[in-house]
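# Working through the structure, step by step
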Amino acid sequence: MDGMGNSMGFGSSSDPKAAVMNQVRQEAAMTNARQLIEKVNEHCFEKCVPKPGSSLSSGETTCFTQCMEKYMAAWNTVSRQYINRIQQETGKSAGGGGMF
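Now for a quick tour of the structure. What you see is a predicted model, and the numbers here were worked out from it, not measured in a lab.

Turning our eyes to something else, we now look at the layout of surface pockets. Estimates place the volume of the largest pocket at around 220 Å³. When residues in the lining of the largest pocket are grouped by element, the largest group, five residues, is from helix α3 (residues 58-95). Among the residues making up the lining of the largest pocket, the classes are represented as four nonpolar, two polar and no charged.

Shown next as structure tokens:
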């Protein structure tokens, strides 16, 4: 079990810095997920439900679903590009050819 934990970056007792960094990454991912859900709800609800009632109409449900799908697709695209950019910059700085 210890070998699997180390290969996944979890529970490495020999490298406490890596364990802390992994925990920070996990917490950042959770914060990002919460923010995404909050923004989707806020944006799509305001757009699709002009007069809130006890239930959503068929049109409101369709609008909300499509809005969420578009918002999530945009979020994923931006996230992928951001990660690619970070990886490129990290690669450049590790190779000594970066400006930073």
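Next comes the rest of the write-up.
To continue, consider helix α2 (residues 16-48). The end-to-end C-alpha separation of α2 is 47 Å, in line with the 48 Å expected for 33 residues at 1.5 Å each. Taken residue by residue, α2 has Asn 22, Leu 36, Val 40, Cys 44 and Cys 48 as its buried positions.

In terms of nonpolar packing, the biggest core is built from seven residues, these being Leu 36, Val 40, Cys 44, Cys 48, Val 49, Phe 64 and Cys 67. Contributing elements (two or more residues each) for this core: α2 and α3. Among the elements that line this core, the one with the most residues is α2, at four residues. If we ignore the near neighbours within four places in the chain, the residues touching Leu 36 are Tyr 71, Met 72 and Trp 75.

Rules used in this analysis
Residues numbered from 1 in each chain as written. Predicted model: local features only at pLDDT ≥ 70, side-chain atom pairs only at ≥ 80, totals over all residues. Heavy atoms only, no water. 1 Å grid on protein atoms, 1.4 Å probe; cavity = no way out; pocket = protein on both sides within 12 Å on 5 of 7 lines; lining within 4 Å. Points joined across faces, edges and corners; volume = space filled by probe spheres on them. Helix = DSSP H or I, 4+ residues; strand = E, 2+ residues; numbered from the N terminus. Nonpolar A, V, L, I, M, F, W, Y, C, P; charged D, E, K, R; others polar. Expected span 1.5 Å × (residues − 1). Buried < 20%, exposed > 50% of the residue type's maximum accessible area, 1.4 Å probe, protein only. Core = buried A, V, L, I, M, F, W, Y, C linked by side-chain atoms within 4.5 Å. Contact = heavy atoms within 4.5 Å.

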